[in-house]
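Structural description and commentary
Single-letter residue listing:
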Amino acid sequence: MSSVRTPNRPATTRSGSGGGRGPTRPARRFRPGDPRFRLRVVQVVVLAMLSVVAVRVVEIQTIQGPALAAAGIKDRTRTLSVPAQRGEITDRNGVALATTVDADNITVDQTLVTDPATAATELASVLGGAAASYQVRLTGTRRFVYIAKNVTPQTWAKVQALDIPGVFSESSSVRVYPAGSIAANVVGFVGAQGNGLGGLEYGFNSELAGTVGTLQYQGSARGQQIPTASESGTPAVPGVGIELTIDRDLQWKAQEALAAGVKVAQADSGTVVVMDPATQQILALATVPTFDPNKPTATVAADRGNRAVSDAFEPGSTAKLMTMAAALNEGKITATTKMVIPASEFGSSSIGLHRGGHTFHDSETHGQEDLTPTGILARSSNIGAILTSEKVGGGKFYDYLKAFGIGEPTGLRFPGENIGSVPAPATWSATTFPTLAFGQGLSLNAVQAASIYATIADNGVRVSPSLVKGYLLPDGTYQAAPAATSTQVVTPQTATTVREMLESVVSDQGTAPNAAIPGYRVAGKTGTANIINPTCGCYKGGGYTSSFIGMAPANNPKLVVAVILTNPRNGHYGGVLAGPIFKAVMQFGLQQLLVPPSSSPPAHLRTTW
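From a predicted model like this one, the values you see are computed outputs, not experimental measurements.

**Side note on the environment of Asn93**
Mapped onto the secondary structure, Asn93 falls in the loop between strand 2 (89-90) and strand 3 (96-108). Since its relative accessible area comes to 55%, Asn93 is described here as exposed. Placed 150 residues apart in sequence, Asn93 and Glu243 show a C-alpha to C-alpha distance of 8.2 Å. Separated by 3.3 Å, the side chains of Asn93 and Asp247 make a polar contact.

Next comes the structure, spelled out in structure tokens:
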């Protein structure tokens, strides 16, 4: 009988040794996952991530946002100094003596240079110099290196046309001196950083320099300004312009005549001062040797200063003007007072004037002479000056020396001024007073010496010398320099008499006929003073200072010219060496000022009796 299998009943297997089959397991069915569940999981994860991002965004924007923004701006912000335009220095007619012109500094970002060797060769062809030196500056990883400084805009345009990657320009400026050495020792010069290092460039540096400004902007990683970003800062304030009292043309003539005279005299140096006696404004202030302020380091430091104010010297016989003025003003003499001058034999200890255990002499040997004070000036008698000063007295004489400005600052604000000195009476030895009478034992500078003669030229009124006529302010307005102070030193009558007496010096009877100018009345005085030898502290072997200081026209002076020569070796008399220089400068100045010739003859005062 056949067996019947129940439907849907799984077969069983049997296990055991002998390879029998055991019972069988039911097969598993594949059941697919629920997609809705998976979607919900993904949604939860995404929402969680978005929540984290949202929280972070909120944190950055609301909490850290301002700080991060500020940090970003700070990182991008560049701050530059904006140089101020240095004030111009001009002569009295507005002619530029020192000015500032635009220039460019050429820079490089070494990281952007693709071919340093080729770029170096191209730069050398434009800028000059060795290509190897440029290649060193072009090679490396530095972001900012100077290739050249203060090149002209035209030169930068040529470099820019080379289109070298990484080469840029930086705006700059350079100080130039269009007149070269003309008035160089007055104007001075600036250093590499643009600060005054000499002359009025140094003395007025704070006014000329102006105030540096600033510029803040946002830049890219390469340092270039982001055009759409804002910028801020403070504008630079230009420096004050200075108008000098100097006349460029007269200054040129003074330097030319002085250079020729120094060469003839074989002197160490020389100085010329030209002054308007009515105002004591300095129209020319020349010194030789001089220098080119465009290349100051090419000259030794001693020649870059201004000897007219920095060098003090013993004036010698030019100081006899003060001796005569004091005696006239005190009513002790007249121009024609009879004076007996004892015999003098230079080098003799017995023949001369004996004072304080010392014998004083004149420069030339002579017997007893009967001179007037006019004759004492004409022949430059030391003995006559001593006798005249003794009529005034030591204390009063000292007061006059101080009143004429010896040992007092000129007020020029010029660096390194030597104001000179005159010893106080309490310190005098037995020979001090007679020595002072003829211009030894006291010292002054060339401007002070010219000022003494300008005082006599201006009817006895001493005005503080000046070099600055006015100022051009940053807003474009002009401001005149403050009025100079004035002092009446001697009476107008005394000054007139002294001028008439000084006319005898340039006559045939005087020591400086070489200083006479045809058609004009000239008054002046020669000077030949010993220079102290520093090795012994004595006059022996120290050389001489030779000088001539004068004015014209003598009856109504328009100009005063002082000429000082230091240590001439081809002679030493002031009339011979300094007189011709005076004449050349004074003639030029009178013609330039259109001063008509004198309509009256010289005073012709008596020199003897």
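From this point, the narrative continues.
**Brief notes about the side chain of Ser598**
Of note, Ser598 is situated in the segment after helix 19 (579-592). At a separation of 3.0 Å, a polar atom in the side chain of Ser598 contacts the main-chain amide nitrogen of Arg521. Apart from the residues lying within four places of it in its own chain, the contact partners of Ser598 are Gly519, Tyr520, Arg521, Pro553 and Asn555.

**As for the layout of surface pockets**
Of the volumes computed, that of the second largest pocket is approximately 1100 Å³. Along the walls of the second largest pocket sit 38 residues, with Phe346, His361, Asp362, Ser363 and Asn382 positioned nearest its centre. Listed by contribution, the elements that provide at least two residues to the lining of the second largest pocket are strand 15 (358-360), strand 21 (523-530) and helix 18 (574-577). Here the lining of the second largest pocket gets 5 residues from one element, more than from any other, and that element is strand 21.

**Thoughts on the packing of aromatic side chains**
Under the criterion given, the structure shown has 7 aromatic pairs. Judged by centre distance (5.1 Å) and plane angle (80°), the ring pair of Phe144 and Tyr146 falls under edge-to-face. The partly exposed category is assigned to Phe144, whose relative accessible area is 42%. Ring plane angle 15° and centroid distance 5.5 Å describe the contact between Trp428 and Phe433, whose orientation is recorded as stacked. With respect to burial, Trp428 and Phe433 carry one shared label: buried. Every member of this aromatic cluster is reached through a ring pair, and the members are Phe397, Trp428 and Phe433. Sitting above the plane of the Tyr146 ring, Lys149 keeps its charged end 4.5 Å from the centroid. Against the face of Phe204 rests Arg413, its NZ or CZ located 4.0 Å from the ring centre.

**Here we look at the pattern of salt bridges**
Per the stated rule, a full pass over the model turns up 13 salt bridges. Notably, a salt bridge pairs Asp268 with Arg569, separated by 2.7 Å at the nearest N-O pair. In this pair, Asp268 sits in the loop between helix 9 (248-265) and strand 11 (269-276) while Arg569 sits in the loop between strand 23 (559-566) and helix 18, placing the two residues 301 residues apart along the sequence. The exposure class of Asp268 is partly exposed, given its relative accessible area of 41%. Exposure remark for Arg569: the relative accessible area of 53% places this residue in the exposed category. Among the ionic pairs, Arg307 bridges to Asp311, the shortest N-O distance being 3.9 Å. The class for Arg307 is buried, based on a relative accessible area of 14%. Connected through shared salt-bridge partners, Arg86, Arg175 and Glu201 make up one network.

**Side note on the nonpolar core**
Within soluble globular proteins, side chains that are nonpolar tend to cluster in buried spots. In terms of nonpolar packing, the biggest core is built from 122 residues, with Leu244, Val272 and Val273 touching the most fellow members. Broken down by element, this core gets its largest block of residues, 9 residues, from helix 16 (residues 446-457). Counting 17 residues, the second-largest nonpolar core is a separate cluster that includes Ile106, Val151, Val159 and Ile164.

So, how was this worked out
- Residues numbered from 1 in each chain as written.
- Predicted model: local features only at pLDDT ≥ 70, side-chain atom pairs only at ≥ 80, totals over all residues.
- Heavy atoms only, no water.
- Helix = DSSP H or I, 4+ residues; strand = E, 2+ residues; numbered from the N terminus.
- Buried < 20%, exposed > 50% of the residue type's maximum accessible area, 1.4 Å probe, protein only.
- Polar contact = N/O pair within 3.5 Å; in protein donor to acceptor, adjacent residues only side chain to side chain.
- Contact = heavy atoms within 4.5 Å.
- 1 Å grid on protein atoms, 1.4 Å probe; cavity = no way out; pocket = protein on both sides within 12 Å on 5 of 7 lines; lining within 4 Å.
- Points joined across faces, edges and corners; volume = space filled by probe spheres on them.
- Phe/Tyr/Trp six-rings, centres within 6.5 Å; stacked < 30°, edge-to-face > 60°.
- Lys NZ or Arg CZ within 6 Å of the ring centre and 35° of its normal.
- Salt bridge = Lys/Arg side-chain N within 4 Å of Asp/Glu carboxyl O.
- Core = buried A, V, L, I, M, F, W, Y, C linked by side-chain atoms within 4.5 Å.

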